[in-house]
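Here is what each chain is made of, one letter per residue.
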Amino acid sequence: MNPDRRSFLLGTGKLLVLSTAASVAWEAIVAGRPETATNYTMTDHWWAMVVDIESCIGCGICLRACKEENDVPRMPQYFRTWVERYRVNPSDLEHPVVDSPNGGYDGFPGKGDPDPDAKHFFVPKLCNHCADSPCVQVCPVGATFVSPDGVVLVDKTYCLGCRYCVQACPYGCRFIDPRTSTVDKCTLCYHRITKGLTTACCETCPTGARQLGDLKNKKDPIHQFLLGHHVLVLKPQMATGAKVYYNGLDGSVR
Amino acid sequence: MSGWLKDKEHLARMAGLFALGITAFFVFRWVMVPAGFGLYGHYRPGALDDARARPLHYAGRAACEDCHADVVAARVGSRHARIGCEACHGPLFAHVQAGGEKKPARPDSRILCARCHETSPWKPKAFPQVVVAEHSPEGPCVACHKPHAPKMS
């Protein structure tokens, strides 16, 4: 017996409604509880940093503060941020002399090895919190990711310690924490910026060479700085969408 | 009976096996995939809460200024006015939490001041620098300079 039009439409309607309800219910079961609501809305922010090379004095207070705040191993060679010292012969930009004793943890004591014909400057470095991050693309297990507010983070409970991301980062910003054998990196002090504080390095920088900025907040002074200065990101040819903007960056900086 | 109904029992057994396999797959998936995976992207959204839950060590300048009005007044117009308190005094969130207890150690000015002000060709030319050994061979810097307002009149 063929169904009449009314019963066919009713049946189809019920099927549609019920299957939608079932799929919504199933989504809810699979998704579990969404993150605990706070007064911080991730989609309202897009974090970045400005580094003014012309203000950096190489005191190393930023990385001392970083190690304190984030429990970074106190041994040399483990840094979430560090300071490099450049000596560049103006006629040979290809071969800068770069050093960073202990990352600049004790500043740069002593006279160094200055050259009267060269230019000298410091370059603070940290994770560039790339919008199209190579480290995120290579992670095989979804342990590293760009958060909805533009911060590259690591899920330490998921990280296998495979080191793909350490190799993928063009800026050398990642290391393996010897205590956990998982990868570690700058979180842009995510626990601070989500509470309305600035990062530990920006909080302690005595010359204001580092400034945290929220690109989605129109009142943030970072917009005035970016408008008024010629800024560069590191390795723009890598097309990583880096969000650490350097003012006064020399062409010799790698 | 002839025709397809002959294999009915066989089909039912296969269907049962399939149903069991599919159920096992979903149970396995439910156990292995953490709650909310994929909510924002290919990661566990709980990792955001983990990153946010880390303890604070630096309280931030505003917290210092709540209590230390005298220092705020001393720094008005000073060349050190814009420096965060904890740049020199170290992490003080525990001090704030303890309501002023757990006072920080007084910094050694000969080490601390030199970290910024020792002469170096790498520093910007306009930044005030001294060769500490010549400028003051011994004694603390704070014997002459007040660190909150360092200019000597």
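Keep in mind that this is a model prediction, so the values were computed, not measured. (Residues numbered from 1 in each chain as written. Chains lettered and ligands numbered in written order. Predicted model: local features only at pLDDT ≥ 70, side-chain atom pairs only at ≥ 80, totals over all residues. Heavy atoms only, no water.)

Novice: When you look at the overall build of chain B in this model, what are you seeing that I'm missing?
Specialist: Check the secondary structure of chain B and you find eight helices and zero strands. In chain B, the succession of helices and strands from N to C terminus is α-α-α-α-α-α-α-α. Computed over C-alpha atoms, the radius of gyration of chain B comes to 34 Å, more than 25% over the 15 Å expected from 2.2 N^0.38 for 153 residues, which places it beyond the range of a compact globule. Projected onto its principal axes, the C-alpha coordinates of chain B cover approximately 115 × 40 × 25 Å. Buried residues in chain B amount to 25% of all 153 residues. Contacts spanning at least 24 positions in sequence make up 44% of the contacts within chain B whose residues lie at least 6 apart. Roughly 10,700 Å² of accessible area belongs to chain B as shown, and the carbon and sulfur atoms make up 64% of that amount. (Helix = DSSP H or I, 4+ residues; strand = E, 2+ residues; numbered from the N terminus. Rg over C-alpha atoms; globule rule 2.2 N^0.38 Å. Buried < 20%, exposed > 50% of the residue type's maximum accessible area, 1.4 Å probe, protein only. Contact = heavy atoms within 4.5 Å. Areas by Shrake-Rupley, 256 points an atom, 1.4 Å probe, with all protein chains shown as cover.)

Novice: Is there a simple way to explain the overall build of chain A in this structure?
Specialist: The number of helices and strands found in chain A is seven helices and 11 strands. Computed over its C-alpha atoms, the radius of gyration of chain A comes to 24 Å, more than 25% above the 18 Å expected for a compact globule of 254 residues. Its C-alpha atoms give chain A principal-axis dimensions of roughly 100 × 45 × 35 Å. Looking at the 254 residues of chain A, the share that counts as buried comes to 49%. Pairs at least 24 residues apart make up 65% of the contacts formed inside chain A by residues separated by at least 6 positions. Entry remark: accessible area of chain A is about 12,700 Å², with carbon and sulfur atoms responsible for 57%. Each charge class in chain A can be summarised by its mean position, and for the 27 positive and 26 negative side chains these summaries are 6 Å apart. (Lys, Arg positive; Asp, Glu negative; His and termini not counted. Charge placed at Lys NZ, Arg CZ, Asp CG, Glu CD.)

Novice: Hey, could you run me through the domain arrangement of chain A in this one?
Specialist: By a frequent convention, interface size equals the accessible area lost on bringing the separate parts together. Segmenting chain A into domains produces domain 1 (1-32) and domain 2 (45-254). Taking the mean C-alpha position of each, domain 1 of chain A and domain 2 of chain A sit 53 Å from one another. (Domains from an automatic or database assignment.)

Novice: Honestly, the domain arrangement of chain B in this entry has me stumped. Any pointers?
Specialist: The domain architecture assigned to chain B consists of domain 1 (9-52) and domain 2 (61-143). Inter-centroid distance (C-alpha atoms) of domain 1 of chain B to domain 2 of chain B is 56 Å.

Novice: Can you walk me through the state of the cysteines in this structure?
Specialist: Should the sulfur atoms of two cysteines be covalently bonded, the bond is a disulfide. Residue and element names in this part refer to chain B. The full count for this structure, using the stated rule, is zero disulfides over all chains. Of all cysteine sulfurs in the structure, the one in C64 sits closest to C67, which takes part in no disulfide; the separation is 8.8 Å. Left unpaired, C85 is separated from the closest cysteine sulfur, that of C64, by 3.9 Å. (Disulfide = S-S within 2.5 Å.)

Novice: Hey, could you run me through the nonpolar core in this one?
Specialist: Soluble globular proteins tend to pack their nonpolar side chains together in the buried interior. Residue and element names in this part refer to chain A. In this structure, M49, L188, Y190 and Y246 are the most contacted members of the largest nonpolar core, which totals 53 residues. Looking at this core element by element, the count peaks at five residues for strand β1 (residues 47-52). With sequence-adjacent residues up to four places away left out, Y246 is seen in contact with V51, I53, V123, P124, K125, L126, N128, H230, V231, L232 and L234. Core analysis: the second largest hydrophobic core is formed by nine residues, V152, V154, I176 and V183 among them. (Core = buried A, V, L, I, M, F, W, Y, C linked by side-chain atoms within 4.5 Å.)

Novice: Even after reading the chapter, I still don't get the environment of R61 of chain B, so can you show me in this structure?
Specialist: Along the chain, R61 of chain B falls in helix α3 (residues 61-67). Taking the relative accessible area as the measure of exposure, R61 of chain B reaches 26% and is therefore partly exposed. Leaving out residues up to four positions away in the same chain, R61 of chain B has contacts with E203 of chain A together with R75, A81, R82, I83, G84, C85 and E86 of chain B. Of note is the side chain of R61 of chain B, whose polar atom sits 3.3 Å from the backbone oxygen of R82 of chain B. (Polar contact = N/O pair within 3.5 Å; in protein donor to acceptor, adjacent residues only side chain to side chain.)

Novice: Just to check I follow, could you spell out the interface of chain B and chain A for this structure?
Specialist: Between chain B and chain A, the residue contacts involve 39 residues of the former and 55 residues of the latter. Taking both partners together, chain B and chain A bury about 4,100 Å²; carbon and sulfur atoms supply 61% of that area. On inspection of chain B and its partner chain A, the count reaches one salt bridge. Across the pair D155 of chain A and R44 of chain B runs a salt bridge whose closest N-O atoms are separated by 2.9 Å. Linking chain B with chain A are nine residue pairs in polar contact (both at pLDDT 80 or more), by the criterion used here. Looking at the side of chain B that touches chain A, the elements with two or more residues in it are α1 (8-32), α2 (46-52), α5 (85-89) and α7 (109-117) of chain B. The element that contributes the greatest number of residues to the side of chain B that touches chain A is α2 of chain B, accounting for five residues. (Buried area = accessible area lost by both parts, 1.4 Å probe. Salt bridge = Lys/Arg side-chain N within 4 Å of Asp/Glu carboxyl O.)

Novice: Quick question: what am I supposed to make of the sheet that holds strand β3 (residues 97-99) of chain A here?
Specialist: Strand pairs in the sheet, formed through backbone hydrogen bonds, run parallel or antiparallel to each other. Residue and element names in this part refer to chain A. An order of β3-β2-β4 is seen for the three strands of this open sheet, with the pairing classed as antiparallel. Two strands in the sheet have a free side with no partner beyond their single neighbour: β3 and β4 (119-126). The mean angle between the axes of side-by-side strands here comes to 25 degrees, regardless of whether they run parallel or antiparallel. In the sheet, strand β2 (residues 81-88) pairs with β3 via three bridges, with the strands oriented antiparallel. Each bridged residue has a counterpart across the sheet, and for R85 the counterpart in β3 is D99. (Pairing = 2+ DSSP bridges. Axes fitted to C-alpha atoms, helices over the stretch in contact; angles between N-to-C directions.)

Novice: Which parts of the structure should I look at to understand α7 of chain B?
Specialist: Each full turn of the α-helix corresponds to 3.6 residues, which orients residues three or four apart in the same direction. Along α7 of chain B, the residues classified as buried are S109, L112, A114, R115 and C116 of chain B. The elements touched by buried residues of α7 of chain B are α2 (61-70) of chain A together with α5 and α8 (132-135) of chain B.

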